[in-house]
Each structure stands twice: as C-alpha cells, then as structure tokens.
Amino acid sequence: MPRPARPNQPSPSRSRRPQGDHRARQPAHEYVLDALPGLEAVAEAELRAVPLARDIRGLRFWYPGDPARLTRLRAPVAVYRVRAWEVPRPRGLLGHQPFGELTAFLAGVARWGGHRSFRLAAAGRESSVLARLADELQAALLLPHDPEEGELLIRLRPREDGPGWEVLARLTPRPLSARSWRVCNREGGLNATVAYALHRLAGQREEDRIFNPMSGSGTLLVERALMGPYDALVGVDVDPEAVECARSNLRAAGRAVEVACVDALHTGLPPRSFDLIVSDLPWGGAIGTHSGNAVLYPAFLREMHRLLSRQGRLVVLTHELRLFERVLREQDRWHARELFQVYSGGHWPRAYLLQKR
Ligand SMILES: C[S@@+](CC[C@H](N)C(=O)[O-])C[C@H]1O[C@@H](n2cnc3c(N)ncnc32)[C@H](O)[C@@H]1O
C-alpha cells in the first residue's frame, strides 16, 4: 500500500484518508471510478454495495480488498487506482524520489492487471515533459509505450482536493464497458453500462416476464441475464443478422435466452404477456429514419400498452427526444418520467420509465 509519508507525498490528513484507518492491519489503495456522464449516480449506488469500500466521495473511495471485485462492477466504464504527489507540475514526477514511487505504483497495477504496454493521457500530451516521462517509464517499467493502444492507461491531472498532481492507472487492460461476452457488435449497439443502468433503474424482480423488443446485438438481454433470476426473458428483432448477433453474444455469456426474428409490433402474443419491457428504439441516425420513427413510435407505445401487464413497467431509451416527447404529450394512456440522460457515443439519449395510468 502506498504510504504518503515521504516529503513529496501529501500528508495523511491532506490526502483525506478515512478516519480510523489502521493501515498496518488493513492496507488500502485509493480508487476512482469513471462512469459515462449521466450514469454517475448509478455507478455510485453500485459502489456502495461493495463490502469494504469506504470513505466514498462520489466515485472516489478507499478499498483494502481484492481489486478483482472492483473489475466486476457493471455501471462504470473503468476503474483506476489513484495516487497523488505534491509536485507543482508534471515535471516534478521526474525527480528521483517521486519517479521511484511512481514506477512502483504503476508496476503494482501492471503486475496485477497483466498489461503489456502503456500510454499516457493528459492535457498537453505532446509536451516535451510528457514525452520524457513516457521514455523514462518505458525503461523503468519494461513495458512498450504505445500512445494509441497502450493497455495500461495512465492519466495525469491536477489533484482534486489539494495542491499537486495525481496519477490514475486503469486496473484493466480494456475498459470495463468492453464486456468479455461481446463477440459480436453492430452499428447502434448499446454501451453495456447504459444497458446495466436501464435494468437497475427499471427494478430487478425474480417474477418479471421481460421483453426486449428491437434487441439488436442483445446488449439489454445479456446484461439482464447476468444480473440474476427472472421468470422469462425474450428478445425480438426484424433483422436476421441482428438476431444471430444477439444469439452469439448470449452464447458467449453462457446464458440461454430466446431471441426471435419477429416484428416487435406484430408478435401475435396475448395481451399482458410481460411485466417489464425494455427497449432502445431506433434513433433515426445510424439506425432507422426520422420519418420511419414518426410512424414507429406511436405504434410502439400502443402495442407495448397491449403487451404489458397492468402494473408493468416500460423502459425506453431514445435519442429522438422531440418526437418521443411529442408522442407522449399526444397520448393519455401512459404516465412517464425521466430516468436519466447519458452521454454515449457522441449522443445524449434519454431514458424514460412509463407506467399505465
Ligand atoms: C437501436 S437498435 C438496438 C440496439 C441494441 N440495443 C444493441 O445493443 O445492439 C434498434 C434495433 O431495432 C430493430 N428494429 C427496428 N424496427 C423493428 C421492429 N418493428 N421490430 C423489431 N425490431 C425492429 C433494428 O433492426 C435494430 O436492430
């Protein structure tokens, strides 16, 4: 565990160690989670359920346990181990003592995560100081510097809670949002952390019969299947390639879930077949067209009203905000509230929870 007792390190009180921290008995590292903008609250709620995570300040916390537990979090896109140095500029990290500490810190993360290369991320990444830091780290860590694809992502930034700079080292070679089950991707595929957030906020009930119309590559299906028991889980998509793609991902996740090549608006299923319907609708950019959506959205709400049980929940994610909100205003059968708005893939889609009036 890094003990901030050396001259260039912040003192224990200034680094905001948790009170009552008996370091000799419970070595801890400080970590910070990175979540998509808009999903911070979901990530924090998930973090709060991690036993041993303490002194939680937003997405920052101390943790003495096995880092593997942190890599199983599903709402953040990445988890970083973080350490601060009281240096006025990044150049200070090249000093003999800070550089030795920095190398030990990074080597600890690389040893744990099995990273095979590294890259630096900081404002002014091209500056001569950072170039020198990259050279020195390459020699000290015995890892190649790969500025574009480096697996050990090292971020430098001014400290949030005092003077100095902090270094964040990503625990895993790939982001947590790049799920190991994803063997097939498609244009318009949902970021898995958004799918996780939709299910968390929709509520997770063992008795739910769940429908995922327009399932695409199956992100919502896989994420729900991995969360725990349900009564039934089915997806449909009109595109046979999407159906195959979802099936491949579900197989890779080791989950048996039914996916069929069926029009979501004409399933032929009896009324009130489902207790939870979750869907990210075509947005009219890469997937679908704006004029098509103007017809699809009202028809979708009508058919989902028929398929949903009386107390059921319909969760919708869309980037066609104006259209969706207009369609909501023009009907009186649903009560809707916003769950979140998230920045993902260059867009700000919004999630809604709808219940029958
Ligand atoms: C935004 S994408 C879904 C992305 C998916 N959540 C994923 O992670 O890959 C929308 C999907 O809706 C499908 N779709 C469009 N109209 C449909 C309809 N009437 N019935 C079923 N699927 C439909 C498209 O084929 C496309 O795969």
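Treat the numbers as computed from the prediction; the structure is a model and nothing was measured.

S.K.: Looking at this model, I keep getting lost on unusual backbone geometry. Mind explaining?
M.R.: When glycine is set aside, most residues are seen to have a negative phi, and most peptide bonds are trans. Despite not being glycine, Leu52 shows a phi value in the positive range, around 85°. For Leu52, the location among the structural elements is in the loop between helix H1 (40-48) and strand S2 (54-57).

S.K.: Sorry, what's going on with the pairing of strand S1 (residues 29-34) here?
M.R.: Residues in a regular strand point their side chains to alternate faces of the sheet. Within S1, five of the six residues are buried, which leaves it mostly tucked inside the rest of the structure. Relative to strand S4 (residues 78-85), S1 runs antiparallel, the two being bridged by five bridges. Counterpart to Tyr31 in the pairing with S4 is Arg81.

S.K.: How should I be thinking about the side chain of Glu166 in this particular structure?
M.R.: One can find Glu166 in strand S7 (residues 165-170). Within the local environment of Glu166, its side chain forms a polar contact with the side chain of Arg60, the two groups lying 2.8 Å apart. For Glu166, the residues in contact, after removing those within four places along its chain, are Arg60, Val82, Arg83, Ala84, Arg155, Leu156, Arg157, Pro158, Arg159 and Glu160.

S.K.: Would you mind going over the state of the cysteines with me for this structure?
M.R.: Scanning the model with the defined rule gives one disulfide in all. A sulfur-sulfur distance of 2.1 Å marks the disulfide that ties Cys184 to Cys245. Around the S-S axis, the bridge from Cys184 to Cys245 shows a dihedral of about -115° and counts as left-handed. Placement of the pair is Cys184 in the loop between S7 and helix H5 (192-202) and Cys245 in helix H7 (residues 240-253), with a sequence separation of 61 residues. In this structure Cys261 is not part of a disulfide, and its nearest cysteine sulfur, from Cys245, lies 13 Å away.

S.K.: Help me understand the layout of surface pockets in this model?
M.R.: Over the atoms, a rolling probe the size of a water molecule traces out where space has been left empty. For the second largest pocket, the calculated volume is near 300 Å³. Taken together, 15 residues make up the lining of the second largest pocket; nearest its centre are Thr71, Arg74, Leu176, Arg179 and Ser180. When its residues are assigned to classes, the lining of the second largest pocket shows eight nonpolar, three polar and four charged. Mapped onto the domain boundaries, the lining of the second largest pocket takes at least three residues apiece from domain 1 (29-170) and domain 2 (192-356).

S.K.: Would you take a moment to explain the site of the ligand for this structure?
M.R.: With respect to spatial proximity, 18 residues lie near the ligand, and among them Leu190, Ser217, Thr219, Asp237 and Asp280 are the closest. One nitrogen or oxygen atom from the side chain of Thr219 is found 2.5 Å from an oxygen atom belonging to the ligand. Relative to its unbound accessible surface of 610 Å², the ligand loses 90% to contact with the protein. Here the shell around the ligand is built from residues that sort into eight nonpolar, six polar and four charged.

S.K.: Got a minute to help me understand the pattern of salt bridges in this structure?
M.R.: One side chain can pair with another of opposite charge once the charged atoms of both are near each other. A complete count under the given rule lists 23 salt bridges for this structure. Between Glu223 and Arg179 there is a salt bridge, with its nearest N and O atoms 2.9 Å apart. Residue Glu223 is located in helix H6 (residues 219-227), and its partner Arg179 is located in the loop between S7 and H5; the two are separated by 44 residues in the primary sequence. Arg179 carries the same exposure label as Glu223, and that label is buried. We note a salt bridge from Asp239 to Arg186, for which the minimum N-O separation is 2.9 Å. Taken as a pair, Asp239 in the loop between strand S9 (232-237) and H7 and Arg186 in the loop between S7 and H5 lie far apart in primary sequence, 53 residues in all.

S.K.: It is not clear to me how the confidence of the model for the protein chain should be interpreted in this structure. Could you clarify?
M.R.: The predicted structure's coordinates, where accompanied by low pLDDT, should not be read in detail. Here the protein chain shows a mean pLDDT of 92. Residues at 70 or above account for 91%. Contacts for the low-pLDDT stretch residues 1-16, under 50 throughout, to residues beyond four places or in other chains number 49 contacts. Confidence drops under pLDDT 50 across residues 18-24; counting only partners more than four residues distant or on other chains, this segment forms 10 contacts.

S.K.: Looking at this structure, how should I read the sheet that holds S1?
M.R.: The pairing of strands in a sheet comes from backbone hydrogen bonds and takes either a parallel or an antiparallel form. Across the sheet, which stays open at both edges, the seven strands sit in the order S2-S3-S1-S4-S7-S6-S5 with mixed pairing between neighbours. Every other strand in the sheet has two partners, leaving S2 and strand S5 (118-121) as the edge strands with one partner each. Taking the axes of each pair of neighbouring strands and ignoring which way they run, one obtains an average angle of 30° across the sheet. Where H1 meets the sheet, it contacts S1, S2 and strand S3 (60-63), and its direction lies at approximately 175° from that of S2.

S.K.: Looking at this structure, how should I read the packing of H6 against H7?
M.R.: How two helices pack is summed up by the angle between their axes together with the distance between the axes. Running from N to C, H6 and H7 point in directions that differ by 25°, and their axes come no closer than 9 Å. With respect to each other, H6 and H7 are oriented roughly parallel. Relative to H7, H6 is oriented so that their crossing is right-handed. Residues Leu221, Val222 and Leu226 of H6 form the contact with H7, whose participating residues are Asn249, Leu250 and Ala253. Broken down by class, the residue content of the contact of H6 with H7 amounts to five nonpolar, one polar and no charged.

S.K.: Can you walk me through the sheet that holds strand S11 (residues 274-280) in this structure?
M.R.: Reading across the sheet, the seven strands line up as S10-S9-S8-S11-S12-S14-S13 and stay open at both edges, with mixed pairing between neighbours. Looking at the sheet topology across the chains shown, the edges are occupied by strand S10 (258-261) and strand S13 (334-341). For this sheet, the mean angle separating the axes of adjacent strands, direction not counted, is 20°. As defined by bridge partners, strand S12 (residues 308-318) adjoins strand S14 (residues 350-356) across six bridges and the pair is classed as antiparallel. Residue pairing in the sheet places Thr318 in a bridge with Arg350 of S14. The strands touched by H7 are S9 and S10; relative to S10, the strand with the most contacts, the crossing angle is about 170°.

About the cut-offs
- Residues numbered from 1 in each chain as written.
- Predicted model: local features only at pLDDT ≥ 70, side-chain atom pairs only at ≥ 80, totals over all residues.
- Heavy atoms only, no water.
- Helix = DSSP H or I, 4+ residues; strand = E, 2+ residues; numbered from the N terminus.
- Buried < 20%, exposed > 50% of the residue type's maximum accessible area, 1.4 Å probe, protein only.
- Pairing = 2+ DSSP bridges.
- Polar contact = N/O pair within 3.5 Å; in protein donor to acceptor, adjacent residues only side chain to side chain.
- Contact = heavy atoms within 4.5 Å.
- Disulfide = S-S within 2.5 Å.
- 1 Å grid on protein atoms, 1.4 Å probe; cavity = no way out; pocket = protein on both sides within 12 Å on 5 of 7 lines; lining within 4 Å.
- Points joined across faces, edges and corners; volume = space filled by probe spheres on them.
- Nonpolar A, V, L, I, M, F, W, Y, C, P; charged D, E, K, R; others polar.
- Domains from an automatic or database assignment.
- Near = heavy atom within 4 Å.
- Areas by Shrake-Rupley, 256 points an atom, 1.4 Å probe, with all protein chains shown as cover.
- Salt bridge = Lys/Arg side-chain N within 4 Å of Asp/Glu carboxyl O.
- pLDDT = per-residue confidence, 0-100.
- Axes fitted to C-alpha atoms, helices over the stretch in contact; angles between N-to-C directions.
- Parallel < 35°, antiparallel > 145°, perpendicular 65-115°, else oblique.
- Left-handed = near helix turned anticlockwise from the far one by under 90°.

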